[in-house]
Amino acid sequence: MTAIIRVEDLSKQYRLGADNTYRDTLREVLTDALRAPFRRAHNGKGSRPAGAGETFWALKDVSFEVAPGEIVGIVGRNGAGKSTLLKVLSRITQPTKGRVQIYGTSASLLEVGTGFHPELTGRENIFLNGAMLGMKRAEIARKFDEIVAFAELDKFIDTPVKRYSSGMYVRLAFAVAAHLEPDILIIDEVLAVGDAAFQKKCLGKISAVALQGRTVLFVSHNMVAVKSLCTRAILLQIGSVVEEGDPARVVNHYLGAGRVSRAETIWADPMHAPGTPAFRLRSVRIRNDAGEVTSELSTHESFRVEVEYENLSAGSALGATVLLYNSDGVHVLSSLSNREAHWHGRAFPKGLFRSTCHFPGNLLPEGRFDVSVLVWANNYSISHREDYVVEFELHESIDARADYFGDWSGVVRPLLDWETQCLEGPETHSD
Ligand SMILES: Nc1ncnc2c1ncn2[C@@H]1O[C@H](COP(=O)(O)OP(=O)(O)OP(=O)(O)O)[C@@H](O)[C@H]1O
Ligand SMILES: [Mg+2]
């Protein structure tokens, strides 16, 4: 394989000072200013002890090669070094050690949409970016309409980008990066911003870009996207590559690492329990068939999710909702207690209540699931949602599989009834 990207022993050291020397190039100052409104809350940045002059390695001895046409997904926890790696590859920041060789033009769409000038209009930025990719003005002009149409920004193309909403900004940044025909497209987390329809469009465009034989490097926390789009994945952990290869395998490794099963969450101190002035959550737990609190279940057994909440205001009508997410982050189902026979719609006295949601066996496939809950009152006018309060793991039930042991994918796995009939042949039945 002739590599299009070659990364050798790449290390990046950052210094944590009192002034938080966060930026090492002028370009990064720009990017950071632009990034601020789009920053998701996370615990990566700033979670390290920031002693003056202290240094740490955001990337440590990272080596890999990428062949032309590969779509490489880079995954890892917050602060693992993913964005740092892409910034070094995009030459926005210098490595401390090691080197990067890139044989071709590259366009980057970092957390930010690097390379946009806030004072310039969308139109001017498109031409500026094209020029930075070494394109001639006429070439850019040919692509211009397509870019504007993809970004759905026709009305705003002559507005300075600093006036764009975060969604508009990312739409333009993605459209520019994807349409200017770079050899290598470098994308960081773009799919986290923008609505579902645009995310879908971006994923479609990424695979189209890849089909043209271009190379894509793609950082994402969306494991479904990584598994379905990428030809290879790289798992970064504290600045180092810990696994590389088949996307499904790497994603599973990543999702399985460092997680503890949690069958029960109890808010022991009512004063600090989540909720509203009308009610608060007291506990959520999972029980198996036998009534035991457990996070390990078999795919064929039934189980229940109990939501306990305290009504603080006599006369409210309360209820609960359970939401289930699989390990790809796919929202598998929601269920609410509004068809419950005893209490739904009645005035609740003050006190402690439990709503139990019953799940049948043979509904879900093996894997890990996260449970979020909602408690609501008075025709859903007041509600409180608590995410990922409990989780459980379903283990394969051999019975349900019968004689088939191969891959069995899908978000749900009910046991459906089948019948086979002979329509033509020696055993044809006339009925
Ligand atoms: N310019 C900088 N100066 C100092 N530290 C930095 C700088 N940029 C990143 N870091 C630190 O380097 C580490 C790696 O950060 P990076 O942004 O690469 O993580 P990431 O994998 O992209 O995380 P996320 O999933 O949250 O986007 C973090 O601890 C971060 O705080
Ligand atoms: Mg990042």
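Higher on the page you've got the structure.
What counts as what
- Residues numbered from 1 in each chain as written.
- Chains lettered and ligands numbered in written order.
- Predicted model: local features only at pLDDT ≥ 70, side-chain atom pairs only at ≥ 80, totals over all residues.
- Heavy atoms only, no water.
- Helix = DSSP H or I, 4+ residues; strand = E, 2+ residues; numbered from the N terminus.
- Buried < 20%, exposed > 50% of the residue type's maximum accessible area, 1.4 Å probe, protein only.
- Contact = heavy atoms within 4.5 Å.
- Areas by Shrake-Rupley, 256 points an atom, 1.4 Å probe, with all protein chains shown as cover.
- Phe/Tyr/Trp six-rings, centres within 6.5 Å; stacked < 30°, edge-to-face > 60°.
- Pairing = 2+ DSSP bridges.
- Axes fitted to C-alpha atoms, helices over the stretch in contact; angles between N-to-C directions.
- Salt bridge = Lys/Arg side-chain N within 4 Å of Asp/Glu carboxyl O.
- Parallel < 35°, antiparallel > 145°, perpendicular 65-115°, else oblique.
- Left-handed = near helix turned anticlockwise from the far one by under 90°.
- Nonpolar A, V, L, I, M, F, W, Y, C, P; charged D, E, K, R; others polar.

(A) Up close: the overall build of the chain. Each helix and strand counted, the chain has nine helices and 18 strands in total. When burial is assessed residue by residue, the chain has 48% of its 431 residues classed as buried. Taking the intrachain contacts of the chain between residues at least 6 apart in sequence as the baseline, contacts between residues at least 24 apart amount to 70%. Of the accessible surface of the chain, which amounts to about 21600 Å², a share of 51% is contributed by carbon and sulfur atoms.

(B) Seen up close, the packing of aromatic side chains. Counting across every chain of the model gives 13 aromatic pairs. Relative to Phe56, the ring of Tyr14 lies with its centre 6.3 Å away and its plane at 45°, an arrangement referred to as tilted. Of this pair, Tyr14 sits in strand E1 (residues 5-16) while Phe56 sits in strand E2 (residues 54-66), and the two are 42 residues apart along the sequence. On the accessibility criterion, Tyr14 (16% relative accessible area) is buried. With relative accessibility at 18%, the residue Phe56 sits in the buried group.

(C) Fine view of the sheet that holds strand E12 (residues 296-298). Taking strand neighbours across the sheet as the criterion, the five strands line up as E12-E18-E17-E14-E15 in an open arrangement whose pairing is mixed. Edge positions in the sheet fall to E12 and strand E15 (331-336), since each has one partner strand and no second. Mean inter-strand twist for the sheet, computed between neighbouring axes without regard to direction, equals 30°. Two strands pair when backbone bridges link them, and strand E14 (residues 318-326) and E15 are joined in this way by five bridges, in the antiparallel orientation. Looking at the pairing, Leu323 lines up with Ser334 of E15.

(D) Main features of helix H3 (residues 122-132). By the burial criterion, the buried members of H3 are Gly122, Asn125, Ile126, Phe127, Asn129 and Gly130. On its buried side, H3 packs onto helix H4 (137-151) and helix H5 (166-179).

(E) Expanded view of the sheet that holds strand E7 (residues 215-219). Read across the open sheet, the six strands follow the order E5-E6-E7-E3-E8-E9; overall the sheet is mixed. Each edge of the sheet is formed by a strand with only one pairing partner; in this case those strands are strand E5 (106-109) and strand E9 (240-245). Averaged over all neighbouring strand pairs, the angle between strand axes comes to 15°, with direction disregarded. Sheet topology places strand E6 (residues 184-188) next to E7; five bridges connect them, and they run parallel. Opposite Leu185, over in E7, you have Val216 as the bridge partner. The strands touched by helix H2 (residues 82-89) are strand E3 (71-75), E6, E7 and strand E8 (232-237); relative to E6, the strand with the most contacts, the crossing angle is about 150°. The strands touched by H5 within the sheet are E5 and E6, with E5 carrying the most contacts at an inclination of about 165°.

(F) Representation of the pattern of salt bridges within the structure. Inspection of every chain in the model, using the stated rule, returns 24 salt bridges. Between Arg99 and Glu8 there is a salt bridge, and its shortest N-O distance comes to 3.5 Å. Note that Arg99 is positioned in strand E4 (residues 97-102) and Glu8 in strand E1, a separation of 91 residues in sequence. Exposure remark for Arg99: the relative accessible area of 46% places this residue in the partly exposed category. Residue Asp61 is joined to Lys60 by a salt bridge in which the shortest nitrogen-to-oxygen separation is 3.8 Å. Connected through salt bridges with shared partners, the residues Glu264, Arg285, Arg287, Arg304, Glu306, Glu308 and Arg354 form a single ionic network.

(G) Quick peek at the packing of H3 against H4. Direction vectors running N to C along H3 and H4 enclose 130°, while the axes themselves pass 10 Å from each other. As far as their axial angle goes, H4 and H3 are oblique. Relative to H4, the crossing made by H3 is right-handed. Contact with H3, carried on its side by Arg123, Ile126, Phe127, Gly130 and Ala131, involves Arg137, Ile140, Ala141, Phe144, Ile147 and Val148 of H4 and no other residues of that element. Here the contact of H3 with H4 is built from residues that sort into eight nonpolar, one polar and two charged.

Remember, this is a structural readout, not a statement about activity or role.
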